[in-house]
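Architecture at a glance
Residues per chain, in single letters:
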Amino acid sequence: MKLFFILAWRNLWRNKQRTLITTASVFFAVVLVLFTRSMQLGTYEHMIESTVQMSTGYLQIQAEEFWEKRSLDQSIEYSSRLIDSVTEHEHVTLITPRIESFALVSSGETTSGAAVFGIDPSKENRMNSLSERVERGSYFSEDREGVLIPSGLAENLDVSVEDTLVLLSQGYHGVSAAGAYPVIGILDIPNPDLSTGVVYMSLSQAQWFYGLGDRITAFAIMIDNPSSMPEVASTLRKIVPESYRIMTWREMMPELVQAIQVDNAGGIIMLGILYVVIAFGMFGTVMMMAVERKREFSVLSAVGTRKVTLSMTVLLETIAIALLGTFTGIALAFPILLYMNRNPIELTGSAAEAMVQYGYEPLIPFTLDPALFVNQPVVVFCIALFASAYPIFWITRIRISNALRV
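Structure report, in brief. Here the structure is a predicted model, which is why all the values come from computation and not from measurement.

Criteria and cut-off values
- Residues take numbers from 1 onward in each chain, read along the sequence in its written order.
- Where totals are concerned, whole chains, interfaces and linings use all residues; where local detail is concerned, this predicted model gives features only for residues with pLDDT of at least 70, and gives and counts side-chain atom pairs only at 80 or more.
- In computing side-chain values, all of the structure's heavy atoms are included and hydrogens and water are not.
- For helices the rule is a DSSP run of H or I covering at least 4 residues; for strands it is a run of E covering at least 2, with both sets numbered from the N terminus onward.
- Residue burial is assigned from relative accessible area. The probe radius is 1.4 Å, only protein chains are included, and a residue is buried under 20% of its type maximum, exposed over 50%, and partly exposed in between.
- Note on contacts: a residue pair qualifies if any of its non-hydrogen atoms lie within 4.5 Å across the two residues.
- Accessible surface area values rest on a Shrake-Rupley calculation with a 1.4 Å probe, where residue burial reflects the displayed protein chains alone.
- Polar contacts, as counted here, are pairs of nitrogen or oxygen atoms within 3.5 Å of one another; within protein the pair requires one atom able to donate a hydrogen and one able to accept it, and residues that are adjacent in sequence qualify only if both atoms are side-chain atoms.
- Note on definitions: angles span 0 to 180 degrees between N-to-C directions of axes, and those axes are lines fitted to C-alpha atoms, for helices only across the stretch in contact.
- Handedness of a helix crossing follows the sense of rotation of the near helix relative to the far helix, less than a right angle counterclockwise being left-handed and clockwise being right-handed.
- Amino acids are sorted into nonpolar (Ala, Val, Leu, Ile, Met, Phe, Trp, Tyr, Cys and Pro), charged (Asp, Glu, Lys and Arg) and polar (every other residue, Gly among them).
- Two joining distances apply to patches: 9 Å for like charges and 5 Å for nonpolar side chains (Val, Leu, Ile, Met, Phe, Trp, Tyr), and every residue must have over 30% relative accessible area and no salt bridge.
- Definition used for salt bridges: Asp or Glu carboxyl oxygen within 4 Å of a side-chain nitrogen of Lys or Arg.
- Working definition: the arc comes from the directions between the helix axis and the C-beta atoms, pointing outward to the latter.
- The criterion for an aromatic pair is that two Phe, Tyr or Trp rings (for Trp, the six-membered ring) have centres within 6.5 Å, with stacked assigned to planes under 30 degrees apart, edge-to-face to planes over 60 apart and tilted to the rest.
- For two strands to be treated as a pair, DSSP must find at least two bridges joining them.

Details of the overall build of the protein chain
When helices and strands are counted, the protein chain shows 16 helices and 14 strands. Within the protein chain, the proportion of its 406 residues that are buried is 48%. Put simply, 79% of the contacts in the protein chain that link residues at least 6 apart link residues at least 24 apart. When the accessible surface of the protein chain is split by element, carbon and sulfur atoms take 58% of a total near 20400 Å².

See below:
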């Protein structure tokens, strides 16, 4: 086997120009694949992280039918013991209680519908840095009651800090829920849906407002690595009571999953085109190498060299070109992607406005997912095997008498 490698390596450099051109085609294709996929997957990660931080968390513990009915009657007991059990999981970074419901919000003669979130101020701030979004007023404090509203809702209701909002809704088991709360802060939330239709109040205020006592509607859970979500979900299902339900962000936001799948399909098509280019480039080179050496192969066969040996040499040459182009491409792409991962591209102008309208920061992030750098050598290796199949078949069909005829 060592002899095969030596022969294959020497044969590659008999025609340096041809070998370098083929290696360069693989090299540039790998760099382009890594760059585009890193950007695409990084954007997905950023979208998911931004969305779960501001809304659902990666997972939630709920009553069995809460997500379908969205009724406070499907609330659950606040349990410190359950929080401690969940927090013990190595991948869980935060669990925060929430109350999610709806209310009519009015000021003067103007009324608007809004989602009401009852939150633990300190834990919620750890989850989504909500205090950093306060553009006027202040964040929740222990000695002050009130609500936080986004700038869009404040504009619709024509209110500012220190103004009073009246909330009217239906509470636990159909009781009337009504109250007047001062606006203590106005938030800058880019998402247009959240900016005009959400009210934040402290968990204790929300429990009193809806008559829930010590109950909540869900525990939102954050984890350190999205890839650990199935493992965490499986473990939590063994911990929580049977009447509770574990939901992942994929189940709670199917529209985001579908949007990513559709966009990812386009990326896969682009990858397919690049891999086809690589395959044809390698196939052409290997075929040319074989045809140019037709007389050489015939002489070797005539003196007793087995065709299996010749085929193995061609196969190793193809694999060497593929891996040489792949690893040099990775060597160049990795430091570039590392820099881009730490310094995302900041969008400006209309592109930035479009991102903000969808509720995301105007950034193009890049990922350094290890799978990205493992998959490329594997795929190119498979392409090399495919590209060498026909030349190997061609070698086995060589007729020595015809090949040696001058």
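Structural notes on the side chain of Gln62
Relative to the helices and strands, Gln62 is located in strand β1 (residues 59–63). Only 2.7 Å separates the side chain of Gln62 from the side chain of Gln60, close enough to count as a polar contact. Not counting residues within four places of it along the chain, the set of residues in contact with Gln62 comprises Trp67, Ile76, Thr217, Ala218, Tyr244, Arg245, Met247 and Met252.

Details of the side chain of His91
Note that His91 resides in the loop between α4 (80–87) and β3 (92–107). Of the polar contacts made by the side chain of His91, one reaches the side chain of Ser228; its length is 3.5 Å. Leave out the neighbours within four places in its chain, and His91 touches Met222, Ile223, Asp224, Ser228, Glu231 and Val232.

Quick word on the packing of helix α2 (residues 16–54) against helix α15 (residues 370–396)
Where α2 contacts α15, the two axes come as close as 11 Å, and the packing angle between them is 145°. By crossing handedness, the relation of α2 to α15 is classed as right-handed. The segment α2 lies against α15, with Val26, Val30, Val33, Leu34, Arg37, Ser38 and Leu41 engaging Leu372, Phe373, Gln376 and Val380. The residue inventory of the contact of α2 with α15, partitioned by class, reads eight nonpolar, two polar and one charged.

A look at a nonpolar patch on the surface
A cluster of nonpolar side chains, namely Ile269, Met270, Ile273 and Val277, defines an oily patch on the protein surface of about 390 Å² accessible area. When you line up the elements, Ile273 lands in helix α11 (residues 254–292). Judged by its relative accessible area of 48%, Ile273 falls in the partly exposed class.

Concerning the environment of Pro241
Relative to the assigned elements, Pro241 resides in the loop between α9 (229–239) and β12 (244–248). As a C-alpha pair, Pro241 and Leu82 span 159 residues in sequence and 9.4 Å in three-dimensional space.

Structural notes on helix α5 (residues 121–128)
Turning to α5, its buried residues are Lys123, Glu124, Met127 and Asn128. Each buried residue of α5 lies within a common arc of 110° when the element is viewed along its axis, so the set occupies one face. Buried positions along α5 lie against α2, α4, β3, β4 (110–119) and β11 (218–223). Positive backbone phi, at 55°, marks Ser129, one or two positions downstream of α5.

Focus on the packing of aromatic side chains
The full count for this structure, using the stated rule, is eight aromatic pairs. Here the aromatic rings of Phe27 and Phe28 are separated by 5.0 Å at their centres, their planes lie at 75°, and the arrangement is edge-to-face. Ring geometry for Phe334 and Phe373: centres 5.5 Å apart, planes at 70°, overall edge-to-face. Of this pair, Phe334 sits in helix α13 (residues 307–342) while Phe373 sits in helix α15, and the two are 39 residues apart along the sequence. The class for Phe373 is buried, based on a relative accessible area of 13%. An aromatic cluster is built from Tyr181, Phe209 and Tyr210, whose rings are joined through pairwise contacts.

So, the pairing of β11
Counting buried residues in β11 gives six out of six residues, a clear majority hidden from the surface. Judged by which residues are buried, β11 turns out to be covered on both faces: Ala218, Ala220 and Met222 on one side and Phe219, Ile221 and Ile223 on the other are all buried. Here β1 runs beside β11; their pairing, made up of four bridges, is antiparallel. Note that in β11 the partner of Leu59 across the bridge is Ile221. As paired elements, β3 and β11 share six bridges and run antiparallel to each other. Bridge pairing in β11 links Thr96 to Ala220.

Quick look at the pairing of β12
Where burial is concerned, most of β12 is hidden: four out of the five residues are buried. Alignment of β1 against β12, held across five bridges, turns out to be antiparallel. Bridge pairing in β12 links Gln60 to Met247.

Examining the pattern of salt bridges
Summed over the entire model, instances satisfying the criterion amount to six salt bridges. Between Lys69 and Glu65 there is a salt bridge, and its shortest N-O distance comes to 2.7 Å. By relative accessible area, Lys69 is classed as exposed at 52%. Judged by relative accessible area, Glu65 falls into the partly exposed class, the value being 36%. In this structure, Glu100 engages Arg98 in a salt bridge whose closest nitrogen and oxygen atoms are separated by 3.9 Å. Of the residues examined, Glu100 reaches a relative accessible area of 14% and is grouped as buried. What emerges from the salt-bridge pattern is a single network uniting Arg98, Glu100 and Glu124.

These values are about where atoms sit, not about what they do.
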